[in-house]
Amino acid sequence: MKRPKIGDIIEIPTRSGFAYAQFTHKHSMYGALLRVHNTVYQTRQSLDVIQLVVSVREPDFSVFFPLGAAVHRGIVSIVGNAPIPEKQKPFPLFRNGEVDPKTKKVETWWKM
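Residues numbered from 1 in each chain as written. Predicted model: local features only at pLDDT ≥ 70, side-chain atom pairs only at ≥ 80, totals over all residues. Heavy atoms only, no water.

The subject of this paragraph is the environment of L47. Tracing the backbone through its elements, the reader meets L47 in helix α1 (residues 47-56). Considered as a pair, L47 and R3 are 44 residues apart in the sequence and their alpha carbons are 18 Å apart. Non-local contacts of L47, meaning those with residues more than four positions away in its chain, are made with V79 and G80. (Helix = DSSP H or I, 4+ residues; strand = E, 2+ residues; numbered from the N terminus. Contact = heavy atoms within 4.5 Å.)

Residues with a pLDDT of 70 or more make up 99% of the protein chain, whose mean pLDDT is 92. Taking the mean pLDDT of every element in the protein chain, the minimum, 83, falls on α1 and the maximum, 97, on helix α2 (residues 67-72). (pLDDT = per-residue confidence, 0-100.)

This next bit is on the pattern of salt bridges. Under the counting rule described, the total for this entry stands at 4 salt bridges. The closest approach of N and O atoms between E86 and K89, which form a salt bridge, is 2.8 Å. On the basis of relative accessible area, E86 is assigned to the exposed category, the value being 59%. Residue classification places K89 among the partly exposed residues on the basis of a relative accessible area of 44%. (Salt bridge = Lys/Arg side-chain N within 4 Å of Asp/Glu carboxyl O. Buried < 20%, exposed > 50% of the residue type's maximum accessible area, 1.4 Å probe, protein only.)

Let us look at the side chain of Q22. With respect to the secondary-structure elements, Q22 resides in strand β2 (residues 17-27). Residue Q22 is classed as buried on the basis of its relative accessible area of 2%. Separated by 3.2 Å, the side chain of Q22 and the backbone oxygen of G7 make a polar contact. Among the polar contacts listed, one links the side chain of Q22 to the backbone oxygen of A82, at a separation of 2.9 Å. The contact partners of Q22, leaving out residues within four places of it in the chain, are G7, D8, I9, L33, L34, R35, V54, A82, P83, I84 and P85. (Polar contact = N/O pair within 3.5 Å; in protein donor to acceptor, adjacent residues only side chain to side chain.)

Shown next, in the form of structure tokens:
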């Protein structure tokens, strides 16, 4: 089985077709960070097309995902590798906080 590495292009089969993401960072606590392109294709795309999409388009969202386990179980596939675009190299900012039930606002945020 192939071990995921930074830059890998991940093919995600869905009911509607195939989606693609790139593995851009590995976090010590949360694992693999995928930058997901939310376009679903009816058929598998060639590596050239996928690399072009990844290099030109901004991802639709980022998500931590148990990539190694998913690849090992055949849930997703590694279909190639591409350089990480410059805009994607910095680790993205994630924020979270608890809503105060009285004010319905978040008073304290934490960042990662």
